[in-house]
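# Results of the structural survey
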Amino acid sequence: MAARDSDYVKKAHGGYFNVFLAAFGDEQGERWDSFMVVDGEFPDKNDLHCYDGFVVSGSPCDAYGNDEWILQLCLLLQTLHSLKKKVLGICFGHQVLCRALGGRVGKATTGWDIGLRRVRIMEDLLPAGSSFLEDLSRMSPPSLSIIECHQDEVYEVPSEAKVIAFSDKTGVEIFAIGDHILGIQGHPEYTKDIVCSIIDRLLDDCCIEREFAEKAKSGLEGADEPDRSRWEKICRNFLKER
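The model shown is predicted, which means the values in this text are computed figures rather than measured ones. (Residues numbered from 1 in each chain as written. Predicted model: local features only at pLDDT ≥ 70, side-chain atom pairs only at ≥ 80, totals over all residues. Heavy atoms only, no water.)

## A short note on the nonpolar core
Among the nonpolar cores identified, the biggest contains 41 residues, and Leu88, Ile114, Ile174, Leu182, Ile184 and Trp231 are the most heavily contacted of them. Of all the elements, helix 5 (residues 192-204) adds the most residues to this core, at seven residues. Contact partners of isoleucine 174, with chain neighbours within four places excluded, come to His94, Ile121, Lys162, Val163, Ile164, Ala165, Leu182, Gly183, Ile184 and Trp231. By size, the runner-up hydrophobic cluster in this structure holds 31 residues, among which are Val37, Trp69, Phe92 and Val157. (Core = buried A, V, L, I, M, F, W, Y, C linked by side-chain atoms within 4.5 Å. Buried < 20%, exposed > 50% of the residue type's maximum accessible area, 1.4 Å probe, protein only. Helix = DSSP H or I, 4+ residues; strand = E, 2+ residues; numbered from the N terminus. Contact = heavy atoms within 4.5 Å.)

## Considering the packing of helix 3 (residues 68-82) against helix 4 (residues 92-100)
Packing of helix 3 against helix 4 brings their axes to within 9 Å, and their N-to-C directions diverge by 70°. Judged by the angle between their axes, helix 3 and helix 4 are roughly perpendicular. For the crossing formed where helix 3 meets helix 4, the hand is right-handed. Packed against helix 3, whose contacting residues are Trp69, Ile70, Leu71, Leu73, Cys74, Leu77 and Gln78, the element helix 4 presents Phe92, Val96, Leu97, Arg99 and Ala100 at the interface. (Axes fitted to C-alpha atoms, helices over the stretch in contact; angles between N-to-C directions. Parallel < 35°, antiparallel > 145°, perpendicular 65-115°, else oblique. Left-handed = near helix turned anticlockwise from the far one by under 90°.)

## Details of the pattern of salt bridges
Inspection of every chain in the model, using the stated rule, returns 13 salt bridges. In this structure, glutamate 30 and lysine 240 form a salt bridge, with 2.6 Å as the shortest nitrogen-oxygen distance. With glutamate 30 in the loop between helix 2 (16-24) and strand 1 (53-56) and lysine 240 in the segment after helix 7 (228-239), the pair connects residues that are 210 residues apart, well separated along the chain. Judged by its relative accessible area of 21%, lysine 240 falls in the partly exposed class. Among the salt bridges present, the one from glutamate 156 reaches arginine 104, with a minimum N-O distance of 3.3 Å. Of this pair, glutamate 156 sits in strand 6 (residues 152-156) while arginine 104 sits in strand 3 (residues 104-107), placing them 52 residues apart in sequence. In the salt-bridge network here, residues are joined through shared partners; they are Asp62, Lys107 and Asp152. (Salt bridge = Lys/Arg side-chain N within 4 Å of Asp/Glu carboxyl O.)

## Some remarks on the side chain of threonine 170
Looking at the element boundaries, threonine 170 is found in the loop between strand 7 (162-166) and strand 8 (174-177). Classification of threonine 170 as buried rests on a relative accessible area of 2%.

## Quick look at the packing of helix 2 against helix 7
Orientation of helix 2 relative to helix 7, taken along the N-to-C sense of each, is 85°, at an axis distance of 8 Å. Taken together, helix 2 and helix 7 sit at an angle that is classed as roughly perpendicular. Across the interface between the two elements, Ala22, Ala23 and Phe24 from helix 2 touch Glu232, Cys235, Arg236 and Leu239 from helix 7. When grouped by side-chain class, the residues that make up the contact of helix 2 with helix 7 number five nonpolar, no polar and two charged. (Nonpolar A, V, L, I, M, F, W, Y, C, P; charged D, E, K, R; others polar.)

## Considerations on the pairing of strand 2 (residues 86-90)
With five of five residues buried, strand 2 lies mostly within the body of the structure. By the alternation rule, side chains of strand 2 split into Lys86, Leu88 and Ile90 and Val87 and Gly89, which are all buried. Two strands pair when backbone bridges link them, and strand 1 and strand 2 are joined in this way by four bridges, in the parallel orientation. In the strand pairing of strand 2, valine 56 is matched with glycine 89. Bridge analysis of strand 2 against strand 9 (residues 181-184) gives four bridges, and the strand direction is parallel. Paired with valine 87 across the strands is isoleucine 181, a residue of strand 9. (Pairing = 2+ DSSP bridges.)

Here is the structure:
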């Protein structure tokens, strides 16, 4: 967890950890642990072998920042990559995963992206053996809608990575390294109410203009639901080697 729970998410969903469990945890007997890396809480290096996979959440912090916990997270991600552990990065997690493994990230050249965005999958660039994405090859065109909420982006992926999805707003929506690293810029775990609460908070904190906030919320309210079930399936299949 690279973000602390907001009052709204605690009240409506019991915290972000429960949001991730609802999206990606679907089997009896699964054990999910939460580490508040934003507060300096990390898994013990001697316990890394106990885990099948890891998920790095979004965050209001910059993935290119040099806060001690961000640098420590980069070192952890490098270790997990060397161990070939499954790592799924969401939004900030996508960006910091890219940075840790040799890519470049920074402020988005086109500014904030908040709302529903259609992501186009590049079939010919899917990594060999990426069974977690194989169902997308049957879609024509292969694209999915997802909730976005970010003002930073990936500029350049690590040398061994492949960009496998883009949108009209962001050039790197998904990247992958082999079958164990997956970065997703959007939020497959978000519901509309969560992102609307974030918009309100960003407005209160003077991070966005009122006109922009109203337009973003109006766009969400008038849009169809995101393809959450398909995104959740992709993430589950990736984490659980289906």
